[in-house]
Amino acid sequence: MSKLKSLLALAVLVLLPASTLNSQWKVEAGPYIGISWYNGDLNPSKQFYNIHPAFGGLLRYVFNDRLALRGNVLIAGVSGEYPAKDVYLPENNPDNYSFKRDLLDIAMLFEINLFSFDNPSLKKSAFTPYMAFGVGSVFYERYTEDNGSHNEKPSFVLSLPFGAGVKWKAGDRLNLGAEWTLRKIFADDLDVVGFDNSIDGSNPIGFSNTTITHNNDWCSVFGVYATFTILGRRDKCRDGF
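A brief structural summary. Note that the structure is a prediction, hence the values are computed from the model and not measured.

The subject of this paragraph is the overall build of the protein chain. When its secondary structure is counted, the protein chain shows one helix and 10 strands. Across the protein chain, helices and strands are ordered from the amino to the carboxyl terminus as α-β-β-β-β-β-β-β-β-β-β. Residues counted as buried form 38% of the 241 residues belonging to the protein chain. Within the protein chain, contacts between residues at least 6 apart in sequence are counted, and of these 67% link residues at least 24 apart. As presented, the protein chain carries roughly 13,700 Å² of accessible surface, and 64% of it is formed by carbon and sulfur atoms.

Shown next, in the form of structure tokens:
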């Protein structure tokens, strides 16, 4: 137990000066533009396929040169069609089928810089790759059954966004970035566009799975952005340290 306390004390002594030197915070905001696409029953694995414009904005709170918390709001389009190459679906599905919808994506992500970035104590800290992960929600029209009738109902659905990118400090108050993020959507009805009235009106036209964990709908976004520092504080260098 005493050895553990000694190790913890040593870790505090080592990390405290570093955290003091890197103690800084700032708030950035800016526009985001890119492309989006869908993966699911109608597109199991192809990337950058049936792409649509994606656009929005982000707000980032920078804790230090390694860690930031970011919120973003995006409008992203997704679509799919059947028949499609290398896609085979079982019977009782329409021979010619397509869907297209727009998603409102709201997410909160942690960013972890792999290199020191924008550190006032280091000259060479103007570029870094980073990883991002967090939690979010997508908002779209979902087809639901209510008292025997089928309706479109706007709904929020849980999503888990994650991805990677790069940042470049282009000026004193300007940062540029590019990233690829994926969103695991906890629903399986992005490709559902209505109900088949030819049988009994209750079969969804699409390819849905009723379980929560075993679904296959994803949305990916590849984009570029610019952020401008709107608030900030940095510790001044002390005698060159």
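The discussion continues.
Attention shifts here to the pattern of salt bridges. Enumeration over the complete set of coordinates arrives at 11 salt bridges. Of the charged contacts, one joins Arg 60 and Glu 111 as a salt bridge, the two residues approaching to 2.9 Å between their closest N and O atoms. With Arg 60 in strand S2 (residues 52-62) and Glu 111 in strand S4 (residues 97-113), this residue pair connects regions lying 51 residues apart in the sequence. In this pair, the class of Arg 60 matches that of Glu 111, namely buried. For Asp 189, the salt bridge is made with Arg 142, and the minimal N-O distance between the two is 2.8 Å. In this pair, Asp 189 sits in the loop between strand S7 (174-185) and strand S8 (195-196) while Arg 142 sits in strand S5 (residues 127-146), placing the two residues 47 residues apart along the sequence.

The final tally for this structure, using the stated rule, is 11 aromatic pairs. Between Phe 139 and Phe 156, the ring centres sit 4.6 Å apart and the planes meet at 45 degrees, which makes this aromatic pair tilted. Here Phe 139 is found in strand S5, whereas its partner Phe 156 is found in strand S6 (residues 149-169), with 17 residues between them in sequence. For Phe 156, a relative accessible area of 52% translates into the label exposed. Among the aromatic residues, ring-to-ring pairing joins Trp 37, Phe 48, Trp 180 and Phe 222 into one connected group. Over the ring of Tyr 49 we find Lys 46; its NZ or CZ atom is 4.6 Å from the centre of that ring.

A word on the pairing of S2. As paired strands, strand S1 (residues 24-39) and S2 are joined by 11 bridges and run antiparallel to one another. Within S2, the position partnered with Val 27 by the bridge is Tyr 61. The pairing of S2 with strand S3 (residues 67-82) spans nine bridges and is classified as antiparallel. The residue of S3 that forms the bridge with Phe 55 is Ile 75. Remark: four residues form the turn of the hairpin made by S2 and S3, two consecutive strands paired antiparallel.

What follows deals with unusual backbone geometry. Positive phi outside glycine occurs at Asn 50, with the angle close to 50 degrees. For Asn 50, the location among the structural elements is in the loop between S1 and S2. A relative accessible area of 26% means that Asn 50 is categorised as partly exposed. Even without being glycine, Asp 118 reaches a positive phi, approximately 55 degrees. Among the secondary structure elements, Asp 118 is positioned in the loop between S4 and S5. Taking the relative accessible area as the measure of exposure, Asp 118 reaches 5% and is therefore buried.

Cut-offs applied
Residues numbered from 1 in each chain as written. Predicted model: local features only at pLDDT ≥ 70, side-chain atom pairs only at ≥ 80, totals over all residues. Heavy atoms only, no water. Helix = DSSP H or I, 4+ residues; strand = E, 2+ residues; numbered from the N terminus. Buried < 20%, exposed > 50% of the residue type's maximum accessible area, 1.4 Å probe, protein only. Contact = heavy atoms within 4.5 Å. Areas by Shrake-Rupley, 256 points an atom, 1.4 Å probe, with all protein chains shown as cover. Salt bridge = Lys/Arg side-chain N within 4 Å of Asp/Glu carboxyl O. Phe/Tyr/Trp six-rings, centres within 6.5 Å; stacked < 30°, edge-to-face > 60°. Lys NZ or Arg CZ within 6 Å of the ring centre and 35° of its normal. Pairing = 2+ DSSP bridges.

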